[in-house]
There are 2 protein chains.
Amino acid sequence: MQLRADILSIEAGGPLIVVINRDDAAELGVISSDRVFVRYRDEHAICILNISTEDEPGILGIYGEVKEKLGVNEGEMVSVEIARRPESLDYVREKINGQRLTPWKIQRIVGDVVERHLSDIELAAFVTSLHIHGVSMEEVEALSRTMIWSGKQIDFGRSPILDKHSIGGVPGDKTTLIVTPIVAAAGYSIPKSSSRAITSPAGTADRMEALAPVDISFEEIKKIVNDIGACIVWGGSIDLAPADDLFIRIEYPLSIDPLLLPSIMSKKKAMGSTHVVVDIPVGVSAKIKTIAEAEQLASDFIELGSRFDMNIECAVTEGSQPIGYNIGPILEAREALETLYGRGPHEIIDKATNLAGILFEMVGNEEGKKMALELIQNGKALEKMKQIIEAQGGDPSVKPEDLVPGEFYYDMPAPKDGRILWFNNRDLVRIARAAGTPNDKGAGIQLYAKTGDKVSFDKPMFRVFAEKEEKLENAIKQLKNLRPVEVGEKVGEDMMKKRIGKPTAPTREFILER
Amino acid sequence: MQLRADILSIEAGGPLIVVINRDDAAELGVISSDRVFVRYRDEHAICILNISTEDEPGILGIYGEVKEKLGVNEGEMVSVEIARRPESLDYVREKINGQRLTPWKIQRIVGDVVERHLSDIELAAFVTSLHIHGVSMEEVEALSRTMIWSGKQIDFGRSPILDKHSIGGVPGDKTTLIVTPIVAAAGYSIPKSSSRAITSPAGTADRMEALAPVDISFEEIKKIVNDIGACIVWGGSIDLAPADDLFIRIEYPLSIDPLLLPSIMSKKKAMGSTHVVVDIPVGVSAKIKTIAEAEQLASDFIELGSRFDMNIECAVTEGSQPIGYNIGPILEAREALETLYGRGPHEIIDKATNLAGILFEMVGNEEGKKMALELIQNGKALEKMKQIIEAQGGDPSVKPEDLVPGEFYYDMPAPKDGRILWFNNRDLVRIARAAGTPNDKGAGIQLYAKTGDKVSFDKPMFRVFAEKEEKLENAIKQLKNLRPVEVGEKVGEDMMKKRIGKPTAPTREFILER
């Protein structure tokens, strides 16, 4: 069937979609969500069909992605035929029905994901099935492998390549900004690609961006790492694992992440990592609740690593409260810099030197933690950080006091005399996001006390910063409904936590950070 | 945030979607697939967000459905805020995680489906979870009830209201066109709403449309049934169960139908049915393969009926080959009319009188089948059918010979002397659809022999009809690759069915007919 192209000024954000009039669809023998083969000159695309009741016959509505693929212009004629259902859909259905997928079948599915041949409905069914039926180690391996194939890979021409990854979930975790320069200061290569925040107040890329640009090209990364051994860049700009981004688009609204392991593995492998320490924070309001859960996840990481010839060790870390005293891109960059200047809080130094120390020991050093600590104390880590900032186009002379948060703030008073008994990470995240993070880099929260510290009635426990007055008000509004901090003399003083007299909706926030 | 409306000439076919520039989204603190609250004057809508990298800031792209809901015009200002995640998403997540849903939670989900607050991704995850975890009878009941609430209901002000439903899956099943007039000829009310074909060559609505219009309004249906006791209309025109149509949109591409029971129940209840016979065809290439499976489904139907004060009986019927000799809207309407004229094949008369007979016995008659047969033989069923055709705006004097299939045809010769050993329903369906059914009403297949009948080498076994030469060629092309009919002396003559030397993709066609 010949149809006239009507270019729609819109993108589907994933699948290749064309829109056809109901009568034309009937004539063609297709219905909504069937696939059609669209041909324009020498180009073609397999597209997913939407049916319009309003458009006139003879017209094919073309989304942005399809226009780009075909190079067709408004008003030109394209030919449209029924396309075969992609074979990968049969494998998606096998997974829906609980079968294990062979590597060959997984390859077909991931291939069709990257080619945008699967609709959101089909992808969601696949991701949901992976979550419900579970993913075997064989499937994780095959998913990782095909996700690696689908993206770019950097060969730095050297070994070892060290890396550090956190599964996330604890606010204020600026450890990467300290571990990376420590490791590079010892002469090792650590090309760190990191993500922006998805559901948190700041990702490592957001934090680093307060110090230097992070949108660095493939070639520049190679050059920087070659020169100084390290970088801290945004992974999104270098197309490391395009399939992963397409899966995250589906996982996020569903609050499930069955592809966590392949996602991380494919990104590490793409950077050529040989030795990786994976940080698994554990705590009631963290992503992983118990050490037993952390052990299971760690075993999977190590097993998976061994299949990709990658040494992996995991660090199960304290995740019951924020890391350090600051949450939000600028505030966290400042605290990281202070730590490199030797003035950081104990917990950040302890966490960073432990993680760097594990990496040092993995590549044959002894007393890794001590070695890491020395590199902070003798200023070499700071020196390396300045090199990284400069190489990425930032100002290496930046001092902690140059990093200034938003001008609007609100001090949250303690409700009574006592000690901080616990934090609710998720409530802190909500408040920080209401204040404008991660987009407003100066927004965030500064804590004046941590768990176990004394607070006094009506004296501030923490300060909320915002760049915009309106957003500060949003954050204050959130504060009234949430309970980010519990104050008391000791746990158990107040045994009653909540009285429930009618059914309540469960609120479970999902942390998706990669 | 105030944004200028850019009306997109496009519909999403379900969810309410708006498109926003990436920077505006970051400022608002939302990411793709989050929900926003869009307000225009006194109207508002909770919409699902798509993010565009190409659109300029300050603009809100608005899909057709959202424009309709808000009544906003191009260039007008709308306000956009972050919306709370719908509560129903927490329940969708509960189902993903294998929990049983309470009626209250199901009500929230179906409500948000009808309000278009859930995205395709979320709906697909829900439907997939229902399929994998199964749907308990309590959930089926609650789903049915809320799907009934979401649509219209007809009160005919009389009782009993009889109905007949087939779960479908066997081509050529024109039984409804015969059962309906038989039942009404006995003085009972049988307001039949039926579907168009989704994956088959003809639905009852398509068949009936060869005789009379089926797109009949709510008020007209009431009047017709009041006057003559019966109608055969298209359910899609009367909005009986809007939630169901939205679920079918998701089930179809996934080839799963966990909502089969609620779908049927809600439609029957909407018509006020009190006594329903459900036809469950059984056969290797039918939807239900074994009598044991049919028994399970029948028990569920009966149990569900009892919860809605509806008498249900099920008929497990022969489904291993097409019903009668004709497939395709016009060909089937012709065969049905011939049957009412007393010239139908035994199997159609047997099936129709059995089903009508069960209904007669359910409402207190004895020897129902005999009673049904008499109504065919004495011409009363034909007389009633003419009344139905006339009431719906068709020509009551139509004769079978007036119903002429497409002018192009191809006779498929028998490959050798022998008997028809079996049919493959699904291959027949593919061929009929390639020939143009259900859209081309004159397309289809006429069988010259059925299972057990003798065929002679090179003499035609069946004829494929098409309205367009090009489509006939498509059908012939399909014929070469498929194996709709097996010919031999007896089963077992040829023990080898297929030799497999390399992995093959499973092809399992899915039958979705309601």
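Check the entry above for the structure.
In what follows, the accompanying structure is described.

About the cut-offs
- Residues numbered from 1 in each chain as written.
- Chains lettered and ligands numbered in written order.
- Predicted model: local features only at pLDDT ≥ 70, side-chain atom pairs only at ≥ 80, totals over all residues.
- Heavy atoms only, no water.
- Contact = heavy atoms within 4.5 Å.
- Buried area = accessible area lost by both parts, 1.4 Å probe.
- Salt bridge = Lys/Arg side-chain N within 4 Å of Asp/Glu carboxyl O.
- Polar contact = N/O pair within 3.5 Å; in protein donor to acceptor, adjacent residues only side chain to side chain.
- Helix = DSSP H or I, 4+ residues; strand = E, 2+ residues; numbered from the N terminus.
- Buried < 20%, exposed > 50% of the residue type's maximum accessible area, 1.4 Å probe, protein only.
- Pairing = 2+ DSSP bridges.
- Axes fitted to C-alpha atoms, helices over the stretch in contact; angles between N-to-C directions.
- Phe/Tyr/Trp six-rings, centres within 6.5 Å; stacked < 30°, edge-to-face > 60°.
- Lys NZ or Arg CZ within 6 Å of the ring centre and 35° of its normal.

**A closer look at the interface of chain B and chain A**
With 56 residues of chain B at the contact, the number on the chain A side is 55 residues. Together chain B and chain A conceal approximately 4500 Å² of surface at their shared face, both sides included; 51% is due to carbon and sulfur atoms. Summed over the shared surface of chain B and chain A, the number is four salt bridges. Two residues, lysine 471 of chain A and glutamate 27 of chain B, come together in a salt bridge whose shortest N-O distance is 3.4 Å. On inspection of chain B and its partner chain A, the count reaches 13 residue pairs in polar contact (both at pLDDT 80 or more). Within the residue set of the side of chain B that touches chain A, elements represented by two or more residues are helix H1 (22-28), strand S4 (43-52), helix H3 (88-96), helix H5 (120-133) and helix H10 (242-254) of chain B.

**Notes on the pairing of strand S5 (residues 59-62) of chain B**
The two faces of a sheet get side chains in turn, since along a regular strand they alternate between them. Residue and element names in this part refer to chain B. The side-chain alternation of S5 yields two buried faces, one formed by Ile59 and Gly61 and the other by Leu60 and Ile62. As paired strands, strand S1 (residues 2-7) and S5 are joined by four bridges and run parallel to one another. By the bridge assignment, isoleucine 7 is partnered in S5 with isoleucine 62. Pairing between strand S2 (residues 17-21) and S5: three bridges, direction antiparallel. Bridge pairing in S5 places valine 19 opposite glycine 61.

**Regarding the pattern of salt bridges**
Side chains that differ in sign of charge can pair as their charged atoms come close. According to the stated counting rule, one finds 66 salt bridges over all chains in the structure shown. Of the charged contacts in the structure, one is a salt bridge between aspartate 163 of chain A and lysine 268 of chain A, with a shortest N-O distance of 3.2 Å. Placement of the pair is aspartate 163 of chain A in strand S7 (residues 162-166) and lysine 268 of chain A in helix H11 (residues 260-270), with a sequence separation of 105 residues. The pair formed by aspartate 163 of chain A and lysine 268 of chain A is uniform in burial state, with each residue classed as buried. For the salt bridge of aspartate 440 of chain B with lysine 468 of chain B, the shortest nitrogen-to-oxygen distance reads 3.2 Å.

**Describing the sheet that holds strand S10 (residues 275-282) of chain A**
All names here are of chain A. Taken in spatial order, the three strands of this open sheet run S7-S10-S11, and their pairing is parallel. With one partner strand each, in any of the chains shown, S7 and strand S11 (311-318) form the two edges of the open sheet. When strand polarity is set aside, the average angle formed by the axes of neighbouring strands in this sheet is 20 degrees. As judged from the eight bridges shared by S10 and S11, these two strands associate in the parallel manner.

**Here we look at the sheet that holds strand S14 (residues 418-423) of chain A**
Residue and element names in this part refer to chain A. Spatial ordering of the open sheet is given by S16-S14-S18, a layout of three strands whose pairing is antiparallel. Sheet topology places strand S16 (454-455) and strand S18 (485-488) at the edges, where each strand pairs with a single neighbour. As judged from the four bridges shared by S14 and S18, these two strands associate in the antiparallel manner. Residue phenylalanine 423 lies in a different strand from S18, and its bridge partner there is valine 485.

**Concerning the side chain of arginine 35 of chain B**
Residue and element names in this part refer to chain B. Following the sequence through the fold, arginine 35 ends up in strand S3 (residues 35-40). A relative accessible area of 5% means that arginine 35 is categorised as buried. Separated by 2.2 Å, the side chains of arginine 35 and glutamate 122 make a polar contact. Not counting residues within four places of it along the chain, the set of residues in contact with arginine 35 comprises Ile46, Cys47, Ile48, Ile82, Ala83, Arg84, Pro86, Leu89, His117, Leu118, Ser119 and Glu122.

**Observations regarding the packing of aromatic side chains**
Overall, the coordinates contain eight aromatic pairs over all chains when judged by the stated rule. Both rings, one in tyrosine 409 of chain A and one in phenylalanine 465 of chain A, keep their centres 6.1 Å apart while their planes meet at 55 degrees; by these two values the pair is tilted. Taken together, the residues span a long stretch of sequence, with tyrosine 409 of chain A in strand S13 (residues 408-413) and phenylalanine 465 of chain A in strand S17 (residues 460-466) at a distance of 56 residues. Residue classification places phenylalanine 465 of chain A among the buried positions, given a relative accessible area of 7%. When the ring centre of phenylalanine 218 of chain B is taken as reference, the NZ or CZ atom of lysine 152 of chain B above it lies at 5.0 Å.

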